[in-house]
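Architecture at a glance
Residue strings, one per chain:
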Amino acid sequence: MAVDPVVYGASDRQPRGDYTRAGADYTCPQDYDSYTAVDHDTYRRLYARQAALLPGLACDEFIAALPSLGASDHIPRFEEINDRLRKATGWEIVTVPGLIPEVPFFTLLANRKFPVTDWIRKPEEFDYIVEPDVFHDLFGHVPLLFNPVFADHMQEYGKGGLKAHGLGACEQLSRLYWYTIEFGLIQQQNGLRAYGAGILSSSGELQHSVQSPEPQRLPLDIERVMRTRYKIDSFQQTYFVINSFQELFDKTAPDFTPVYERLQGLHDIAADARLAEEEAIQH
Ligand code: PHE
Ligand code: FE
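Residues numbered from 1 in each chain as written. Chains lettered and ligands numbered in written order. Predicted model: local features only at pLDDT ≥ 70, side-chain atom pairs only at ≥ 80, totals over all residues. Heavy atoms only, no water.

The backbone of tyrosine 26 shows a phi angle near 75°, a positive value even though the residue is not glycine. By the secondary structure assignment, tyrosine 26 is in the loop between α1 (5-8) and α2 (37-53). Of note, arginine 112 is a non-glycine position whose phi angle comes to about 55°, a positive value. With respect to the element layout, arginine 112 can be found in the loop between α5 (102-110) and β2 (113-117). (Helix = DSSP H or I, 4+ residues; strand = E, 2+ residues; numbered from the N terminus.)

Written as structure tokens, this is what we have:
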């Protein structure tokens, strides 16, 4: 996702990327010449496996926009995607060496720039990586930036992030990011589908999130989400469901300042907690 460590969990690990390449805003040119034949082949294999899983599990808007990423048999040049993306929604992707701190991350989003990591995982990490790479960032996040409502929501999230930073509320806001932009589900005409990038770029979680009877699925409730901790190293045990991207936009539009204040007095909720008064969405 190319997002700050608040979202991916604090870690002692050194990030893999070479940050000496990055400018003050953390962006850099896509290092296209450094990709090896193995790198391109890793992307091709990840894309093919994931694309085959999408029907019946990914939301319609994602499936419709996926071809806009262009080539699926090698890592695309970001500039070619930008030619199409700028026309569609005025967004563009920029290259970053990996996870970046929260203020530069929010600033890019607020300016309709989505940071994408350029390096790709090693073949032995095919099924699981601890840091987002170009496959997660591009395949998971970029297709929905072609959707006008979702694209506007992402910009509002960036502005809201800068505000939350000033209010010391980044942890609360990062939970919202986690349970919507990364792991959100959407109820569509043909049934429950995934729209979160963390789900859509994962071969195992895609089916688990939509079809498994194990996790609980709750209607999106901003305060409930902001109180709910999350696990970064296992499938989610709780998912939050929207009915449309407009609902996501509308529910996140109000000023969160009083919400953050209210939440200060409330305890966190565990990732797997099932609260007696809550009704899960039947499956
Ligand atoms: N409306 C939120 C606020 O006032 C900002 C926000 C918008 C947060 C969209 C998330 C998504 O802080
Ligand atoms: Fe992500």
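What follows covers the packing of helix α7 (residues 148-167) against helix α8 (residues 170-182). Relative to each other, α7 and α8 sit at 160°, their axes nearing to 9 Å. When the axis of α7 is compared with that of α8, the two are roughly antiparallel. Crossing of α7 over α8 shows left-handed handedness. Seen from α7, the contacting residues are Phe150, His153, Met154, Tyr157, Gly160, Gly161, Ala164 and His165; seen from α8, they are Cys170, Leu173, Ser174, Tyr177 and Ile181. Looking at the contact of α7 with α8 residue by residue, the classes come out as 8 nonpolar, 5 polar and no charged. (Axes fitted to C-alpha atoms, helices over the stretch in contact; angles between N-to-C directions. Parallel < 35°, antiparallel > 145°, perpendicular 65-115°, else oblique. Left-handed = near helix turned anticlockwise from the far one by under 90°. Contact = heavy atoms within 4.5 Å. Nonpolar A, V, L, I, M, F, W, Y, C, P; charged D, E, K, R; others polar.)

Glancing now at the UniProt feature "binding site: Fe cation" (unreviewed entry) in the chain. The sites that carry the UniProt feature "binding site: Fe cation" (unreviewed entry) are, in the present numbering, His136, His141 and Glu182. In three dimensions, the annotated residues from a span of 47 residues occupy one location, with a maximal C-alpha spread of 10.3 Å. When only the residues just named are considered, the largest cavity is lined by His141. Its place among the elements puts histidine 136 in helix α6 (residues 134-141). With a relative accessible area of 5%, histidine 136 lands in the buried category. Tracing the sequence through the fold places histidine 141 in helix α6. (UniProt positions renumbered as here; feature names shortened; annotations may be inferred. 1 Å grid on protein atoms, 1.4 Å probe; cavity = no way out; pocket = protein on both sides within 12 Å on 5 of 7 lines; lining within 4 Å. Buried < 20%, exposed > 50% of the residue type's maximum accessible area, 1.4 Å probe, protein only.)

This brings us to the coordination of the iron ion (ligand 2). Protein coordination at the iron ion (ligand 2): the donors are His136 (NE2), His141 (NE2) and Glu182 (OE), at 1.9 to 2.1 Å from the metal. All donors of the iron ion (ligand 2) come from a single chain, and their spacing in sequence reads H-x4-H-x40-E. With histidine 141 in helix α6 and glutamate 182 in helix α8, the pair connects residues that are 41 residues apart, well separated along the chain. Both residues of the pair, histidine 141 and glutamate 182, count as buried. (Donors = N, O, S within 2.8 Å, 3.2 Å for Na, K, Ca; no water.)

Next up on the list: the site of ligand 1. All residues adjacent to ligand 1 are His153, Glu156, Tyr157, Gly160, Lys163, Leu173, Leu176, Thr252, Ala253, Pro254, Asp255 and Phe256. Lysine 163 is positioned with one of its side-chain polar atoms (N or O) 2.5 Å from an oxygen atom of ligand 1. For ligand 1, a nitrogen atom lies 2.6 Å from a polar atom in the backbone of threonine 252. Coverage of ligand 1 by the protein chains reaches 94% of its 330 Å² of free accessible surface. When atoms are counted within 2 Å of each cavity's grid points, the one that captures over half of ligand 1 is the second largest pocket. Counting residues per element, the ones that place at least two in the shell around ligand 1 are α7 and α8. Among the elements that make up the shell around ligand 1, the one with the highest residue count is α7 (5 residues). (Near = heavy atom within 4 Å. Polar contact = N/O pair within 3.5 Å; in protein donor to acceptor, adjacent residues only side chain to side chain. Areas by Shrake-Rupley, 256 points an atom, 1.4 Å probe, with all protein chains shown as cover. Sits in = over half its atoms within 2 Å of the grid points.)

The subject of this paragraph is the pairing of strand β5 (residues 216-219). Relative to strand β6 (residues 238-242), β5 is paired through 4 bridges, and the arrangement is parallel. In the sheet register, proline 219 faces β6, and the bridge partner there is valine 241. Between the parallel elements β5 and β6, the chain passes through helix α11 (residues 222-227) in a crossover that is right-handed. (Pairing = 2+ DSSP bridges. Right-handed = clockwise from strand over helix to strand, strands pointing away.)

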